[in-house]
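# What the coordinates show
This is what each chain is made of:
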Amino acid sequence: MSKVSMRKFLYPLLLVLVTIGLLYVEKYVDHKQNEPNLIEGEKPKFDTKTELLPTSTTGSIIHHNYYSLSYAEDHEQAEWVAYELNKEQLVNNDFKRPYFEIDLAVPTGAAHWRNYKKSGYDRGHLCPAADREFSREAYEETFLTSNISPQLNAFNAGIWNRLEQKVRYWAKSYDGVYVITGGVLENDLEQIGTEGVSVPREFYKILYDVRNGEHTAIAFLFPHQASNEGLYTFVTSIDHIERRTGIDFFSTLPDTIENELEKSSDLKKWSLK
DNA sequence: CTGTACTGC
DNA sequence: GCAGTACAG
């Protein structure tokens, strides 16, 4: 091909291809921006970014788009993960499970998923993937290693799974709930992998809601083992979980409300059937 | 739903 | 590493 025909045909062809490429990129970017951040036009039921966050014993609070966490570097996992679960967010999108990725927002460096490989423990979500299926971005954000903890499969797929399903039922029934989840992190825990990811002996979950201006909460603490018992068996007080973890929950609420919430779980307001 | 493992590229 | 598939609780 001569230099003249090169200019006449190849350059215009290149120009067309580049233009198509740019149009495609623009369309793709627009599409991403149109995906809902929470739900479009929907006011959050709770002030998720500030008011309801627990304290951090590590000083390493990280805000993602669809949940927040406090990372404990000594244990290579979060001491808590917190998020609001809206009724409108409960949709089934059959997204393919991606690989877990290191959470680059953790300044000290989050663990690699290989620590869990052949450890005998699941990569157990703290914020469940099924709670963030309203967009691909939200779903994939749950597959960060800052959002998992080593869990026995018999526990994760068993009573822990049943509680997660109950949380989705509550979110649907009560038009949204606020969820705080984590393992109890202590000094002498078993560790797995080259980075030493701690294996908690207990896991907790706290649910909070406001209905008709009334604050209510329920707290669960499970031994890290399989169980066929009812969920009510593991109901405890927020005060108890605070003593076990050193974390202060709902400290930004007025003291009278905080004290009332924390001294006991209000079983009557959380249907466990 | 919660996950793992294996095959083949 | 990724896709597809199979399988277990």
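Residues numbered from 1 in each chain as written. Chains lettered and ligands numbered in written order. Predicted model: local features only at pLDDT ≥ 70, side-chain atom pairs only at ≥ 80, totals over all residues. Heavy atoms only, no water.

### Re the sheet that holds strand β11 (residues 235–236)
Pairing is antiparallel in the open sheet, where seven strands are placed in the order β1-β2-β3-β6-β9-β10-β11. Pairing within the sheet leaves two strands with one partner each, and these edge strands are β1 (61–63) and β11. The pairing of strand β10 (residues 214–223) with β11 spans two bridges and is classified as antiparallel. Paired with A219 across the strands is T236, a residue of β11. (Pairing = 2+ DSSP bridges. Helix = DSSP H or I, 4+ residues; strand = E, 2+ residues; numbered from the N terminus.)

### Quick look at the layout of surface pockets
Its boundaries defined by the atoms lining it, the largest pocket holds a volume of some 270 Å³. Along the walls of the largest pocket sit 15 residues, with R97, H125, A129, N156 and E164 positioned nearest its centre. Mapped onto the lining of the largest pocket, the elements with two or more residues apiece are β4 (122–125) and α4 (159–173). Element by element, the count of residues in the lining of the largest pocket is highest for β4, at four residues. Of the residues belonging to the lining of the largest pocket, the class tally is five nonpolar, four polar and six charged. By volume, the second largest pocket amounts to about 180 Å³. In terms of lining, the second largest pocket is formed by 13 residues, of which the most central are T57, T58, A72, H75 and L185. (1 Å grid on protein atoms, 1.4 Å probe; cavity = no way out; pocket = protein on both sides within 12 Å on 5 of 7 lines; lining within 4 Å. Points joined across faces, edges and corners; volume = space filled by probe spheres on them. Nonpolar A, V, L, I, M, F, W, Y, C, P; charged D, E, K, R; others polar.)

### Here's the deal with the protein's contact with DNA strand B
Taken together, the neighbourhood of DNA strand B is formed by R97, D122, R123, G124, H125, A130, E133, N156, A157, N161, E164 and R168. Counted by atom, the contact set of DNA strand B within 4 Å of the protein is 91% sugar and phosphate. Side-chain polar atom of N156 to a sugar or linking oxygen of DNA strand B: 2.7 Å apart, as the coordinates give it. Elements with a contribution of two residues or more to the surface near DNA strand B: β4 and α4. Residue classes in the surface near DNA strand B are distributed as two nonpolar, four polar and six charged. (Near = heavy atom within 4 Å. Polar contact = N/O pair within 3.5 Å; in protein donor to acceptor, adjacent residues only side chain to side chain.)

### What to know about the pattern of salt bridges
Inspection of every chain in the model, using the stated rule, returns 10 salt bridges. Between E186 and R244 there is a salt bridge, with its nearest N and O atoms 3.4 Å apart. Here the residue E186 occupies a position in the loop between β6 (177–183) and β7 (190–192), and R244 occupies one in helix α5 (residues 238–245), the gap between them amounting to 58 residues. In this structure, E214 and K269 form a salt bridge, with 2.8 Å as the shortest nitrogen-oxygen distance. With E214 in strand β10 and K269 in the segment after α6 (255–263), this pair connects stretches of sequence that are 55 residues apart. The partly exposed category is assigned to E214, whose relative accessible area is 45%. (Salt bridge = Lys/Arg side-chain N within 4 Å of Asp/Glu carboxyl O. Buried < 20%, exposed > 50% of the residue type's maximum accessible area, 1.4 Å probe, protein only.)

### Some words on the protein's contact with DNA strand C
Looking at DNA strand C, the residues that line it are K96, Y99, W113, R114, N153, A157 and N161. Within the side chain of R114, a nitrogen or oxygen atom sits 2.9 Å from a phosphate oxygen of DNA strand C. Considered class by class, the residues forming the surface near DNA strand C number three nonpolar, two polar and two charged.

### Describing the side chain of S70
Note that S70 resides in strand β2 (residues 68–72). For S70, the residues in contact, after removing those within four places along its chain, are S56, T58, S60, I61, Q77, A78, E79 and W80. (Contact = heavy atoms within 4.5 Å.)

### As for the pairing of β10
Along β10, seven of the 10 residues are buried, which leaves the element largely enclosed by surrounding structure. Alignment of strand β9 (residues 202–211) against β10, held across 10 bridges, turns out to be antiparallel. Within β10, the position partnered with Y208 by the bridge is A217. Between the end of β9 and the start of β10, which pair antiparallel, lie two residues, with N212 showing a positive phi angle near 55°.

### Some details on α5
Because each turn of an α-helix spans 3.6 residues, side chains separated by three or four positions in sequence point in the same direction. Inspection of α5 places I238, I241, E242 and T245 among the buried residues, and these make up the whole buried set. Buried residues in α5, looked at end-on, bunch into an arc of 105°, giving them a common side. Along its buried surface, α5 packs onto β9, β10, β11 and α6. G246, located one to two residues past α5, shows a positive phi value of around 80°. (Arc of directions from axis to C-beta.)

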